[in-house]
Amino acid sequence: MLAQSQTADLFGEVVDASSGKAVASAIVVATSPTLQGEQTAITGKDGRYRISNVPPGTYAVTVTAPSYKHYTESDISILVGRSVKLRVSLLPAVLKGEEIKVSRPVASVIDQGSTTTGQTFTSDYMSRVATQRNFNDVVEATPGAQFDPYGVSFNGTSSPENSIYVDGVNTSDINTGTRTSSLPLEFLDQVEVKTGGYMPEYGNSTGAVVSAVSKVGGNQFHGSAFSYTTPFSGLQRSSGQFGESLSHTIRLNYREQVGAEVGGPIVRDYLWFHVGFAPTFEQYTLTQRVSARADDGSGRPLYDAHGRPVMSAIPGLDRQFKTYSRSYVFTSKLTFNPNENHRITLGFSGNPTTTSGVQASYFGPVTNGIQSAALMNGDPSAYDNRVTSGAYDAVLNYDAKLLDKRLLFNSVLGWHHATNSIVPNTAIGANANQIQWTGTESLGQFLPGAAPYCTPFTNPGAVDTNRCPVTNYFQGGAGMTDRQIQDRLSLRASLTALLGRHQLKVGTEIMRSSLSHRTAFTGGAIEQMVAGNTQIYDSARYGNGNSTAVGLANGGSSNNPYVLNDANNRFYDSASNTTHYWNLAGYIQDSWNILDNLTIQGGIRIDNQYLYGGEQYSRPGQSSNALAFTLKNLSPRIGVIYDPTNTGRAKMFASYGRFFHLMPLSTLDRAFPEQSQVLTYRAAGTCPSNQPLTCQALQRSYIRAEGESVMRSLTGQAVDQYEAGAEYQILKDLLGGIRYTASRAHSLIEDYSTNNGSTFGVGSIGSTPYTNTLVGPNAVTGLDYAYYFRNAARNYDAISVYLNKSLARRFIGNASYTVSFLRGVENGLFRSEDGELHPNNNNSFNSAALFPNVYGYLGADRRHQAKLDGAFLFEIRPNFLVTPNIRLRVSSGAPYSMMGADPNFGPAQAYILSRGEGGVTPWYFQADVGLKAEQVLQDRSRLSYGLTVLNLLNLQTATQTDEKYAQNSEYIRPIAGGTKNDVAYVKTTNQTPARLNANYGNATAFQLPIEVRFDVKYTF
């Protein structure tokens, strides 16, 4: 049993080559450059041995026994999280009779110790195969994995459902679940991706458990200095609303990463160190392009063959804005090994990052293989920000082998600290109200230079006379400023007893995570122009007020029987909330090796997550920071492994497991309690244009600082996963496999409303109908949830075939093909239709009127995926190598829907037809190629030069589309059981023909453009 994917196991048996009988009391010694000293084991009466909890690396194994010849095997690759089987046949020291022929044993590359599925990536892969040089690009090579807007998803889940560990520390974002920490690939030794089949020692994830292991020191000094320079990239495809005057392009001007890492001994075999530092600098240019609709010569708009307006550039009005990003990544590690039975590791790393400029929150170090359309639909002051972020991780790890190595102890104490702040760069951005023009206006009223080109069309037959339309234009301030501080302190401990053919493991985990979140609105409020621009709406303004109704004589009116004088209200410059949770977990599991080639594993994990509201949140009899609710989760898991060869060269496996995901703090932050607000409609034109809060108040509403109601019995978000497959070691360094994966949502956590948004609650949406009751300030006793939440469906089925080739005989590579189907009612922790990232607090279940058609093919449903990675080392002459490498991706497109707006919850909320029926994005092709030259110098150090071309074909395929079928102001109800023939007659809730969105189906995210990178690296 392994210590949270930082170590590995070597096991097997020693037999007499002449008789095949077990050899008892043989001494097995393992050594490695990554291992301080050596690890030993003595075979039992059955000839079996096990060396547990060793660091991953390349090992040499020596076996000695009285009356037998010594045996040595080198170049045994042991990957993190794996149990490697090595069966050794010893020759008698004195041979009698006929000569005994012994086949050279081959260490298994198949993990015979578990049913875990996934993939492990070594430094050989990361340094030789063409990638974006980032963590996500590496783990995406796992069969069935794919990019989504926030990372990499696995087995039909969303990327925020993954748990990301660096040297045993959980580095997932506490607020949203996304990835925060990042280390350059040069600092990593191995990255392990567990996608399923793992035992109860691993929890907190319904996606993948991803573990990165950083490099360690050694008895010899070693390290590298490197530079990766991208001097330019291709121009991103123009993005914008079809027929509108503003569009945008993005270009990477440069990306430069330099760095160095070094490790070595402080005291040989006892105390090692490793340190690294790597800054990265980037600059982007965003170009805002300005155009007007062309005239057909008769005073009407000119349309193309597809019925879309033809646009003509307005000369001299395009504007360019530069955004800069700077990141400084560091890592440090000490490894202390007082003897072979005890090891202590201490590590600290961080990645402080600053990004400044227009759309700063969008840019920064590339983390995905897709790029969203970064729109700048307004004045620069509304978009010019500075984003400061960083994650810092500290870990103390202790491993011990007790009772003659029959009892293993592991503990990991980890601290994760992350910060993120967004502040305006300009005085206008910081001090002015942001004004959002919610309708479609003429650009000429915002950009004076455009006015001469924006005169209306004059032909009375013109359906739309606006020559320069812009929709949802932003003026003034930056809108919201934001500051987050996150802290997670965790302690994991486990005991493993090696009891003959049993490995019994018990463990516990204690975790406290907290989020301090402060927000403010520039100018005090965000304003919207509504009602045909006759009114200004304070759509977001923190405050507290008196909503007591009064008679007309006391200042009310027939339309608004409330006191409107601002003196009756208190307004706040900002709002803050500090929430936290405790998670207490325990597990027990056993691996029973019934026969030499048959193992059964099983266990159970219990997690209790206690979630606490903010300072203003209280419950009867409790003070502030009250317990909001508790998620009690029970996770049974079982698996079986059978080796038909009995040599470790094959396995057949099957497993079942229930996996729960720790709930991020987003819901607590947003709803326990909600921030109190005072929202006002004001008469436009009754105040100076730059002082909208002084306009005459017409109507006012209030949002109280109350917490949402909660179902009495809650369980966490969980999936049930079933897997079966087989693997075979074709060659010493080549593994082939096939597996089937079925994942079914067991329960979802979401906020919901049964009265169209008047009140909300938090509930567990189960896989079968049930009845429950609410507790909380807006409780409804006896509410029948079976009516509202019939099924928590998210059904994923996939078959993957794959080949993995480790570096040997000058070649390394991976290949896989996956066919899959993904259907359900919720994508995961974000909405694929609009990218809304409010985990467990999305709009998916806010109204029963929106439930029809919600089931269908989800946004991550890509039926076919094929992947091929490879690098071949050619020795041109002694000590000079040339390595061509390639990375290919082919996948089918993703489905998209036809969405309509809802009067209570806004755009893209109603599925007009069944989910995923709108169409499918194009097939996706990507080719990354590279060529590296490497010179081995006299002191055995190496100097390499490389050229890498990413996205060689520069296709920039659309990966996401605008799914709003009708305009945002058109409120539409789903057509239950409808077809595309019905959509032509779709009507609004007022039974008028819906005005369609001309941009429907237009790309909102693209494959990245071509990039050229030059690499230089010196390794010693």
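Every value quoted in this text rests on a predicted model; they were computed, and no experiment measured them. (Residues numbered from 1 in each chain as written. Predicted model: local features only at pLDDT ≥ 70, side-chain atom pairs only at ≥ 80, totals over all residues. Heavy atoms only, no water.)

A. Representation of the overall build of the protein chain within the structure. Helix and strand content of the protein chain: six helices and 60 strands. Seen through its principal axes, the protein chain has C-alpha atoms that stretch 115 × 70 × 55 Å. Looking at the 1020 residues of the protein chain, the share that counts as buried comes to 58%. Restricting the contact set of the protein chain to residue pairs at least 6 apart, pairs at least 24 apart contribute 73%. (Helix = DSSP H or I, 4+ residues; strand = E, 2+ residues; numbered from the N terminus. Buried < 20%, exposed > 50% of the residue type's maximum accessible area, 1.4 Å probe, protein only. Contact = heavy atoms within 4.5 Å.)

B. The arrangement of the pattern of salt bridges in detail. Applying the stated criterion to the full structure yields 45 salt bridges. A salt bridge links arginine 810 to glutamate 875, with the shortest nitrogen-to-oxygen separation between them at 3.0 Å. Here the residue arginine 810 occupies a position in the loop between β46 (794–808) and β47 (811–824), and glutamate 875 occupies one in strand β50 (residues 874–877), the gap between them amounting to 65 residues. Note on arginine 810: relative accessible area 35%, which makes it partly exposed. Its salt-bridge partner being aspartate 928, residue arginine 887 comes within 4.0 Å of it at the nearest N-O pair. With arginine 887 in strand β51 (residues 880–891) and aspartate 928 in strand β56 (residues 924–936), this residue pair connects regions lying 41 residues apart in the sequence. Of the two residues examined, arginine 887 and aspartate 928, each falls in the buried class. One network of salt bridges, in which partners are shared, links Asp137, Glu140, Lys867, Asp869, Arg887, Arg889 and Asp928. (Salt bridge = Lys/Arg side-chain N within 4 Å of Asp/Glu carboxyl O.)

C. Spotlight on the nonpolar core. In this structure, Leu611, Phe629, Leu631, Leu665, Leu668, Phe672 and Leu714 are the most contacted members of the largest nonpolar core, which totals 33 residues. Listed by contribution, the elements that provide at least two residues to this core are β30 (502–521), β37 (627–642), α4 (666–671), β41 (709–711), β43 (734–752), β44 (761–766) and β54 (906–911). With four residues, β43 is the single largest residue contributor to this core. Judged by nonpolar contacts, the second largest core, of 29 residues, contains Leu183, Phe187, Val193 and Val329. (Core = buried A, V, L, I, M, F, W, Y, C linked by side-chain atoms within 4.5 Å.)

D. Looking closely at the UniProt feature "domain: TonB-dependent receptor plug" (unreviewed entry) in the protein chain. Residues annotated in UniProt with the feature "domain: TonB-dependent receptor plug" (unreviewed entry) correspond here to residues 119–207. The distance from the first to the last C-alpha atom of residues 119–207 is 14 Å, and the span holds 12% helix and 28% strand. (UniProt positions renumbered as here; feature names shortened; annotations may be inferred.)

E. Region of the structure containing the state of the cysteines. Inspection of every chain in the model, using the stated rule, returns two disulfides. Between the sulfur of cysteine 454 and that of cysteine 468 lies a disulfide, 2.2 Å long from S to S. Because the sign of the S-S torsion sets the handedness, a value of about -90° for the bond joining cysteine 454 and cysteine 468 places this disulfide among the left-handed ones. Here cysteine 468 lies in the loop between β27 (434–442) and β28 (469–476) and cysteine 454 lies in the loop between β27 and β28, a separation of 14 residues in the sequence. (Disulfide = S-S within 2.5 Å.)

F. Structural detail: the sheet that holds strand β13 (residues 169–170). In space, the five strands of this open sheet follow the order β9-β14-β15-β12-β13, with mixed pairing throughout. Taken across any chain shown, the strands that pair with only one partner, and hence form the sheet edges, are β9 (117–122) and β13. Where strand β12 (residues 163–166) meets strand β15 (residues 209–214), four bridges bridge the pair, whose relative direction is parallel. Note that in β15 the partner of serine 163 across the bridge is valine 209. (Pairing = 2+ DSSP bridges.)

G. Highlighting unusual backbone geometry. Of note, the bond from phenylalanine 672 into proline 673 is cis; its omega dihedral lies within 30 degrees of zero at -5°. Structurally, the position occupied by proline 673 is in the loop between α4 and β39 (677–683). Of note, the phi angle at aspartate 404 is positive, near 60°, even though the residue is not glycine. Mapped onto the elements, aspartate 404 comes out in the loop between β25 (384–402) and β26 (407–424). According to the relative accessible area criterion, aspartate 404 is exposed, its value standing at 66%. With phi around 55°, asparagine 951 is a residue other than glycine that occupies positive phi space. Within the secondary structure, asparagine 951 sits in the loop between β57 (942–950) and β58 (958–961). Overall, asparagine 951 belongs to the buried group, its relative accessible area being 3%.

H. Here's a closer look at the packing of aromatic side chains. Counted under the stated rule, the structure contains 24 aromatic pairs. Here the aromatic rings of tyrosine 656 and tyrosine 722 are separated by 5.1 Å at their centres, their planes lie at 40°, and the arrangement is tilted. Of this pair, tyrosine 656 sits in strand β38 (residues 650–661) while tyrosine 722 sits in strand β42 (residues 717–731), and the two are 66 residues apart along the sequence. Residue classification places tyrosine 722 among the partly exposed residues on the basis of a relative accessible area of 39%. Of the aromatic side chains, those joined through ring pairs into one cluster are Phe187, Phe226 and Tyr228. If you follow lysine 651 out to its NZ or CZ, it ends over the ring of phenylalanine 653, 5.2 Å from the centre. (Phe/Tyr/Trp six-rings, centres within 6.5 Å; stacked < 30°, edge-to-face > 60°. Lys NZ or Arg CZ within 6 Å of the ring centre and 35° of its normal.)

I. Region of the structure containing the side chain of serine 83. Topologically, serine 83 is positioned in strand β7 (residues 83–85). When its relative accessible area of 8% is taken as the criterion, serine 83 is described as buried.

J. Structural view of the side chain of glutamate 833. Examined against the element boundaries, glutamate 833 turns out to sit in the loop between β47 and β48 (856–857). A relative accessible area of 9% places glutamate 833 in the buried class. At 2.9 Å, the side chain of glutamate 833 and the side chain of tyrosine 911 are in polar contact. Among the polar contacts listed, one links the side chain of glutamate 833 to the side chain of arginine 915, at a separation of 3.1 Å. (Polar contact = N/O pair within 3.5 Å; in protein donor to acceptor, adjacent residues only side chain to side chain.)

K. Structural detail: the pairing of strand β59 (residues 1003–1007). Of all five residues in β59, four are buried, a share of seventy percent or more. Where β58 meets β59, three bridges bridge the pair, whose relative direction is antiparallel. When the bridges of β59 are listed, glutamine 960 appears paired with alanine 1005.

L. How the structure looks around the sheet that holds strand β32 (residues 535–540). Read across the open sheet, the six strands follow the order β28-β27-β31-β32-β39-β40; overall the sheet is mixed. The strands lining the two open edges of the sheet, one partner per strand, are β28 and β40 (697–703). Along the sheet, successive strands turn relative to each other by an average axial angle of 20°, direction set aside. Bridge count between β32 and β39: three bridges; the pairing is antiparallel. Paired with glutamine 535 across the bridge in β39 is alanine 683. (Axes fitted to C-alpha atoms, helices over the stretch in contact; angles between N-to-C directions.)

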